[in-house]
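Tertiary structure, described
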Amino acid sequence: MNSLKTKYSKSKVEKMNKMIFVSSCIESAARQCNLSAAEMYQRMKRVGLIEGFILKCYEGLHTQSRQHVTEDVLGALAIWETKKGIAV
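Residues numbered from 1 in each chain as written. Predicted model: local features only at pLDDT ≥ 70, side-chain atom pairs only at ≥ 80, totals over all residues. Heavy atoms only, no water.

Some remarks on the pattern of salt bridges
- Enumeration over the complete set of coordinates arrives at three salt bridges.
- Here K18 ties to E14 by a salt bridge, and the two come within 3.6 Å at their closest N and O atoms. Linking K18 with E14, this pair stays in helix α2 (residues 10-32), spanning four residues, or about one helical turn.
- Take K18: its relative accessible area is 22%, and that puts it in the partly exposed class.
- When the shortest N-O distance is used, the salt bridge between R43 and E81 registers 2.7 Å. Taken together, the residues span a long stretch of sequence, with R43 in helix α3 (residues 37-47) and E81 in helix α6 (residues 66-83) at a distance of 38 residues.
- Classification of E81 by relative accessible area gives buried; the value is 3%. (Salt bridge = Lys/Arg side-chain N within 4 Å of Asp/Glu carboxyl O. Helix = DSSP H or I, 4+ residues; strand = E, 2+ residues; numbered from the N terminus. Buried < 20%, exposed > 50% of the residue type's maximum accessible area, 1.4 Å probe, protein only.)

Written out as structure tokens, the structure is:
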């Protein structure tokens, strides 16, 4: 991490950490649903879950266990898809 701090600004490192977290969320949710990461990304993107939930709630989510985050993300995805009338 020290090499990142010297090479990148604090805001860039924070942005990179958030993107790594988003990627982890997508991959974990995909694995749980037996989907590819690309398929899960498309589902999340379609309802705005990445920006509207994962990134918006990053401060609280990234302190939780992977299993807890995956459950929260999948629960939110189901609710958001239902609200948008998307059947899965």
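Let us keep going from here.
Comments concerning α6
- Between its first and last C-alpha atoms α6 spans 26 Å; for 18 residues at 1.5 Å apiece the expected length is 26 Å, and the two agree.
- By the burial criterion, the buried members of α6 are V69, T70, V73, L74, A76, L77 and E81. The arc enclosing the buried residues of α6, seen along the axis, measures out at 165°, which places them on a common side. The outward face of α6, more than 90 degrees from its buried face, is lined by the exposed residues T82 and K83.
- Turning to α6, the residues buried within the fold contact α2, α3, α4 (49-55) and α5 (58-61).
- Once α6 ends, the next one or two residues include G85, with phi positive near 70°. (Expected span 1.5 Å × (residues − 1). Arc of directions from axis to C-beta. Contact = heavy atoms within 4.5 Å.)

What about the nonpolar core?
- Counting residues in hydrophobic clusters, the biggest one holds 20 residues, and the most contacted among them are M40, M44, L49, I54 and V73.
- Residue assignment for this core shows that the elements contributing at least two residues are α2, α3, α4, α5 and α6.
- Among the elements that make up this core, the one with the highest residue count is α2 (six residues).
- Setting aside residues up to four positions removed in sequence, L49 forms contacts with M44, I54, V73, A76, L77 and W80. (Core = buried A, V, L, I, M, F, W, Y, C linked by side-chain atoms within 4.5 Å.)

Comments concerning the packing of aromatic side chains
- Per the counting criterion, the structure on display carries one aromatic pair.
- Each ring, one from F21 and one from Y58, has its centre 5.4 Å from the other, and the planes form 80°; the classification is edge-to-face. One end of the pair, F21, is in helix α2; the other, Y58, is in helix α5, with 37 residues separating them in the sequence. When sorted by exposure, F21 lands in the same class as Y58, which is buried. (Phe/Tyr/Trp six-rings, centres within 6.5 Å; stacked < 30°, edge-to-face > 60°.)

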